[in-house]
Amino acid sequence: MVAVQTACTNYDADDHKFGNVVYLDVAETSEVQAATIKNTLDVFDRTFAATLAYPSDQDVTLSVTVDPSLVERYNARYGTSWPMLDAKYYTLSSETATIAAGKTTSETLTLHLQHLLGEGAEQTGALPLDETYLVPVTIAQSSVPTLATSSTVYYVVKRSSNITVAAQLGEGNWINFPTLDTYGINSQAWNGLTAVTYEALIYIDQFATTDAGGNPVNISSVMGVEQYLLLRIGDTNFERQQLQFDGSGAGSKFGKFPERNATKNLSAGQWYHVACTYDQATRRVCVYVNGELQSEGTEMGLTSMSEDTRINLAMRALYDFYLKNPTPDNEKKYGGFGDAYQFFIGRSYDDYRPLNGKIAEARVWSVARTPQQIRENMYEITDPASDPTLLGYWKCNEGAGNTVKDYSMYGNDGVAETDIVWPDGIEIPKINETEE
């Protein structure tokens, strides 16, 4: 865990009660900045700038340097023993900066991490995986005094074998799937199901109880179809932090599962692998947390199976099929699906039940995955495009943009409602490899 130190000093820009000072913007809230790097990247950048407490009437010039002598200070302060990163793996875009008169911020500077993959197919000289290094960057000289608590930033560099990218979904943002609303090869496999598995890696920042407008909130939406087949956290008259699998739809009818139980609550600020399964044939409902069975229900839901009781996760695609083939039989079967609830990640009934956290490795299957399959594959599915039962697989590993690729054979890419935030410093530990 990277330690955090906060600079609490504030300066009044109107009366300038204090003398002007310069500091590094990234160190204003924490002098420690994670640079956790995906193991397939050869280069990785971290940007920063010099900032004044208030504008100066003349240019402020300063020099910035990487200072290996500060490593010992960091390790003593935080109880670590991390070494200095070898100089061949980094450069600074410039060692000088200027804050123009009347401005408060310098040009952007970049700590450029390089040669991370080494050379050739053997990756000779690559930065070792899962080892932690330090790069202290500090203001060496300045024409105005420095703010001592924020004049140095320590970059904690780690090339990780773990997942290092995830999508942040907060209020007003979720993932849509436009191709599931149109009948075609993308959506056909999502309908007529007899079993389902949902799973994802999630990190809840906060279990909000009110939205931005002050309205009550008691649900964090993970994925699924509202009032049909939905994995969420919380509910009315239910534990706010407990997983709930709502199978109220025609293809399941097992209702809201499991019962309220505070011992099953999740915690904010922690990564979890969550999964749920339902199988019409066995009438078994399961909820898993971190690869372990948390709740199990038997003799659940439908008592018989037929063509009319199949699970349809892309109902608007069936309505589209009816519009293109407007027979009386199709109207009877699908004519009422024009306003059917859709499959989302991070949204359910309305815009005010967001995930309010981070998500990666989201998947939907047309089978009830076994406990062993769930635990062994929490962090990756190999060769996903070869498995027809994998209906959707969104790694959320793009790191930029508003589209998340579907790695399954069906190609239902997700499109965010608003801009996705891709947080820095993500690292999801693989507990199925470290726990016995």
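Treat the numbers as computed from the prediction; the structure is a model and nothing was measured.

**Some details on the overall build of the protein**
Inference 1: Scanning the protein from terminus to terminus reveals five helices and 25 strands.
Inference 2: The principal-axis extent of the C-alpha atoms belonging to the protein is close to 80 × 55 × 45 Å.
Inference 3: Out of the 436 residues belonging to the protein, those deemed buried represent 50%.
Inference 4: Look at the contacts in the protein between residues 6 or more apart in sequence, and 68% of them connect residues 24 or more apart.
Inference 5: Entry remark: accessible area of the protein is about 19,800 Å², with carbon and sulfur atoms responsible for 46%.
Inference 6: Each charge class in the protein can be summarised by its mean position, and for the 31 positive and 56 negative side chains these summaries are 7 Å apart.

**Quick word on the sheet that holds strand β3 (residues 44-48)**
Inference 1: Pairing is antiparallel in the open sheet, where three strands are placed in the order β3-β8-β6. Each having just a single partner strand, β3 and β6 (90-92) make up the two edges of the open sheet. Each strand axis lies, on average, 15° off the axis of its neighbour in the sheet, ignoring direction.
Inference 2: Pairing analysis gives five bridges linking β3 to strand β8 (residues 109-113), with the strands arranged antiparallel. Each bridged residue has a counterpart across the sheet, and for phenylalanine 44 the counterpart in β8 is leucine 113.

**Things to note about the sheet that holds strand β10 (residues 152-160)**
Inference 1: Taken together, five strands build an open sheet; the order of strands is β2-β10-β9-β5-β7 and the sheet is mixed. A strand with exactly one partner marks an edge of an open sheet, and here the two such strands are β2 (32-38) and β7 (96-99). The mean inter-strand angle of the sheet, taken between neighbouring strand axes irrespective of direction, is 25°.
Inference 2: In this structure, strand β5 (residues 60-66) lies alongside strand β9 (residues 132-142), joined through five bridges in antiparallel fashion. Bridge assignment links leucine 62 to a residue of β9, and that residue is serine 142.

**Brief notes about the packing of aromatic side chains**
Inference 1: The full count for this structure, using the stated rule, is 19 aromatic pairs.
Inference 2: Ring plane angle 50° and centroid distance 5.8 Å describe the contact between tyrosine 319 and tyrosine 322, whose orientation is recorded as tilted. One end of the pair, tyrosine 319, and the other, tyrosine 322, are both in helix α2 (residues 315-324), three residues apart, so they sit about a helical turn from each other.
Inference 3: A connected cluster of aromatic rings, assembled from ring pairs, spans Phe177, Trp190, Tyr198, Phe245, Phe254, Tyr278, Phe343 and Trp394.
Inference 4: The side chain of arginine 347 reaches across the aromatic face of phenylalanine 344, ending 5.2 Å from its centre.
Inference 5: If you follow arginine 369 out to its NZ or CZ, it ends over the ring of tryptophan 365, 3.7 Å from the centre.

**Quick notes on the environment of glutamate 171**
Inference 1: Looking at where glutamate 171 falls in the secondary structure, it is placed in the loop between β11 (167-169) and β12 (175-176).
Inference 2: With relative accessibility at 40%, the residue glutamate 171 sits in the partly exposed group.
Inference 3: Contacts of glutamate 171, omitting those with residues within four sequence positions, involve Asp211, Ala212, Asp351, Tyr352 and Pro354.

**Some words on the nonpolar core**
Inference 1: Ranked by internal contacts, the top residues of the largest apolar core, which has 59 residues, are Tyr198, Ile202, Leu313, Phe343, Ile345, Ile359 and Trp394.
Inference 2: Among the elements that line this core, the one with the most residues is strand β13 (residues 195-204), at five residues.
Inference 3: If sequence neighbours within four positions are ignored, isoleucine 359 has contacts with Ala166, Ala167, Leu169, Ala200, Leu201, Ile202, Trp271, Ile345 and Cys396.

**Quick notes on the confidence of the model for the protein**
Inference 1: This prediction gives the protein a mean pLDDT of 93; 95% of its residues lie at or above 70.
Inference 2: Here residues 1-13 is a poorly scored stretch, pLDDT under 50, and it has 27 contacts once near neighbours within four places are set aside; other chains count.

Conventions adopted
- Residue numbers run consecutively from 1 along every chain, following the written order of its sequence.
- Predicted model: local features are reported for residues with pLDDT of at least 70 only, side-chain atom pairs are reported and counted for 80 or more only, and whole-chain, interface and lining totals are derived from all residues.
- Based on all heavy atoms of the structure, the side-chain values leave hydrogens and waters out of the count.
- Strands here mean DSSP runs of E at least two residues long; helices mean DSSP runs of H or I at least four residues long; both are numbered from the N terminus.
- A simple rule labels every residue: compare its accessible area, found with a 1.4 Å probe on the protein chains alone, to the largest value its type can have, and call it buried under 20%, exposed over 50%, or partly exposed in between.
- Working rule for contacts: check all heavy atoms of both residues, and any pair within 4.5 Å makes them a contact.
- Reported accessibility uses the Shrake-Rupley method at a 1.4 Å probe radius. Residues are deemed covered only where the shown protein chains occlude them.
- Only four residue types enter the charge count, namely Lys and Arg as positive and Asp and Glu as negative; His and the chain termini do not.
- Charge coordinates come from a single atom per side chain, which is NZ of Lys, CZ of Arg, CG of Asp or CD of Glu.
- Two strands are said to pair when DSSP picks up at least two bridges between them.
- Where helices are involved, their axes are fitted lines through C-alpha atoms of the stretch in contact, as for all axes, and angles between N-to-C directions lie from 0 to 180°.
- Aromatic pairs are defined between Phe, Tyr and Trp rings, using the six-membered ring for Trp, whenever the two ring centres lie within 6.5 Å; interplanar angles under 30 degrees are classed as stacked, those over 60 as edge-to-face, and all others as tilted.
- Remark: a charge is flagged as sitting over a ring if the NZ atom of Lys or the CZ atom of Arg is within 6 Å of the ring centre and within 35 degrees of the ring normal.
- For this analysis, a nonpolar core means a set of buried residues of the types Ala, Val, Leu, Ile, Met, Phe, Trp, Tyr and Cys, connected via side-chain atoms within 4.5 Å.
- You can read pLDDT as the predictor saying how much it trusts each residue, on a scale of 0 to 100.

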